[in-house]
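Residues per chain are reported as follows:
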Amino acid sequence: MVLRPPAPGVVKAQELNDDADWNAFDSEAYVAHNYRDLRPDDEQIIRIVRDYFTDHFRRHPGDPVPGIDVGSGANLYPALTLLPWCSEITLFEYAATNAAWLERQVTGYEPNWDAFWDVLREARPYAGTENPRAALRLAARVKQGNLFSLPEARWGIGTMFFVAESMTTAHEEFQEGVRRFAECLLPGAPFAAAFMEGSEGYAVGDEFFPACSVTGAQVRDTLTPFAEGEVQIHSIGIPGDPLRVGYKGMLVACGRRNSD
Ligand SMILES: C[S@@+](CC[C@H](N)C(=O)[O-])C[C@H]1O[C@@H](n2cnc3c(N)ncnc32)[C@H](O)[C@@H]1O
């Protein structure tokens, strides 16, 4: 069965973050649909983020830093991109279902994530982590919370994948979500954020969740005030089979937090 966005007139004109029932997020259904196998678009994203972080720490070597993945949901690969660079990794998530799923996975994640790690370990600093399961178990701290209440200037590296545009239909909340993500980072911190382009919302199991339709230019404009220099925007498009109906591709933004 293909779940489509509700027909016009059936869907609420606007669904704010608070309106959605995030505790109805079915983590297992989400993984089964999105991450059971490694898709070519996720593979491209992993390579881009891996190479961006590797290049950043080659130019700015230092001790491991505290890292955060905002809105982790039921996805481990953003946290895996953080692994070689972090003293600890906060997996920050709102839904109780996803926080419980993360707690279970970080004790020893399931074999489907091995394909994601295989792409990361093509690069040297990742290859140096011989046992990523044990490393994640040691580094990860699951924290249930609302990204609109994230503390400022706490983390030295960050990721946020498919969250700011996939939690509301309101562009103001998308912009606020991006701002909160950027502001939780310390000056100089590298970040990577992924977005669904042109999303009309998405189903997880039997539940439909809101999204707002963004373009690469909007992502760039929203992140640029918080970044030192240029924000790199990579347009992934839809290689191979679409993930679902109602989106135009994926976008990845990489940059470095400025000091305002
Ligand atoms: C489309 S999922 C993305 C999950 C995951 N990051 C990924 O890459 O697949 C959106 C996520 O945002 C989370 N979320 C929604 N509202 C949030 C909020 N106010 N604060 C933190 N997370 C939130 C949801 O619970 C869900 O896990």
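Every chain begins its residue count from 1, and numbering advances along the sequence as written. Only residues with pLDDT of at least 70 get local features here, since the model is predicted, and only at 80 or more are side-chain atom pairs given and counted; chain-wide, interface and lining totals rely on the full set of residues. With hydrogens and water set aside, each side-chain value is computed from the structure's full complement of heavy atoms.

- An unreviewed UniProt entry annotates the protein chain as Methyltransferase originating from Streptomyces lycii.

**Here's the deal with the site of the ligand**
Moving on, step 1. What makes a residue near a molecule or strand is one non-hydrogen atom of that residue sitting within 4 Å of it. The environment of the ligand is made up of 22 residues, and the closest members are Tyr-30, Tyr-35, Gly-71, Glu-93 and Phe-161.
Moving on, step 2. Here an oxygen atom of the ligand and a side-chain polar atom of Asn-98 are 3.1 Å apart.
Moving on, step 3. One of the backbone nitrogen or oxygen atoms of Leu-147 is found 2.9 Å away from a nitrogen atom of the ligand.
Moving on, step 4. Here the ligand loses 99% of its free accessible area of 590 Å² to cover by the protein chains.
Moving on, step 5. When residue character is reported, Ala, Val, Leu, Ile, Met, Phe, Trp, Tyr, Cys and Pro are called nonpolar, Asp, Glu, Lys and Arg charged, and the others, Gly included, polar. Considering only residue class, the shell around the ligand consists of 12 nonpolar, 9 polar and 1 charged. N or O atoms closer than or at 3.5 Å make up a polar contact, with two conditions inside protein: a donor-capable atom paired with an acceptor-capable one, and, for residues adjacent in sequence, both atoms drawn from side chains. Each accessible area value is a Shrake-Rupley result obtained with a 1.4 Å probe; residue values ignore everything except the protein chains displayed when judging cover.

**Describing the nonpolar core**
Moving on, step 1. Residues Leu-136 and Phe-195 are the most contacted members of the largest nonpolar core, which totals 82 residues.
Moving on, step 2. Counting residues per element, this core draws most heavily on helix 2 (residues 40-59), at 7 residues.
Moving on, step 3. The contact partners of Phe-195, leaving out residues within four places of it in the chain, are Phe-162, Ala-164, Glu-165, Phe-174, Val-178, Val-214, Val-219, Leu-223, Gly-249, Met-250, Leu-251 and Ala-253. We call a set of buried Ala, Val, Leu, Ile, Met, Phe, Trp, Tyr and Cys residues a nonpolar core when their side-chain atoms join them within 4.5 Å. Burial classification: accessible surface area is computed with a 1.4 Å probe over protein chains only, and a residue below 20% of its type maximum counts as buried, one above 50% as exposed, and the rest as partly exposed. Helix and strand definitions here come from DSSP, where helices need a minimum of 4 consecutive H or I residues and strands a minimum of 2 consecutive E residues; each element is numbered from the N-terminal end. We call two residues in contact whenever any of their non-hydrogen atoms come within 4.5 Å of each other.

**Thoughts on a negative patch on the surface**
Moving on, step 1. Taken together, Asp-21, Asp-26, Asp-206 and Glu-207 make up a surface patch of like negative charges.
Moving on, step 2. Its location among the elements puts Asp-206 in the loop between strand 6 (202-204) and strand 7 (207-209).
Moving on, step 3. Residue classification places Asp-206 among the exposed residues on the basis of a relative accessible area of 77%. Excluding any residue in a salt bridge, patches collect residues exceeding 30% relative accessible area, merging like charges within 9 Å and nonpolar Val, Leu, Ile, Met, Phe, Trp and Tyr side chains within 5 Å. Whenever Lys or Arg places a side-chain nitrogen within 4 Å of a carboxyl oxygen from Asp or Glu, that contact is recorded as a salt bridge. Only four residue types enter the tally: Lys and Arg on the positive side, Asp and Glu on the negative side, with His and both chain ends excluded. Lysine's charge is taken at NZ, arginine's at CZ, aspartate's at CG and glutamate's at CD.

**Let's talk about the sheet that holds strand 8 (residues 232-237)**
Moving on, step 1. Taken together, 7 strands build an open sheet; the order of strands is 3-2-1-4-5-9-8 and the sheet is mixed. Every other strand in the sheet has two partners, leaving strand 3 (140-144) and strand 8 as the edge strands with one partner each. Looking at each pair of strands side by side, their axes are set apart by 15° on average, direction ignored.
Moving on, step 2. If DSSP finds at least two bridges between two strands, the strands pair. Sheet analysis places strand 5 (residues 190-197) next to strand 9 (residues 249-256), joined by 8 bridges and oriented antiparallel. In the strand pairing of strand 9, Ala-194 is matched with Val-252.
Moving on, step 3. Note on definitions: angles span 0 to 180 degrees between N-to-C directions of axes, and those axes are lines fitted to C-alpha atoms, for helices only across the stretch in contact. Each of strand 2 (86-93) and strand 3 touches helix 7 (residues 132-139); the most contacted strand, strand 3, lies at about 50° to it.

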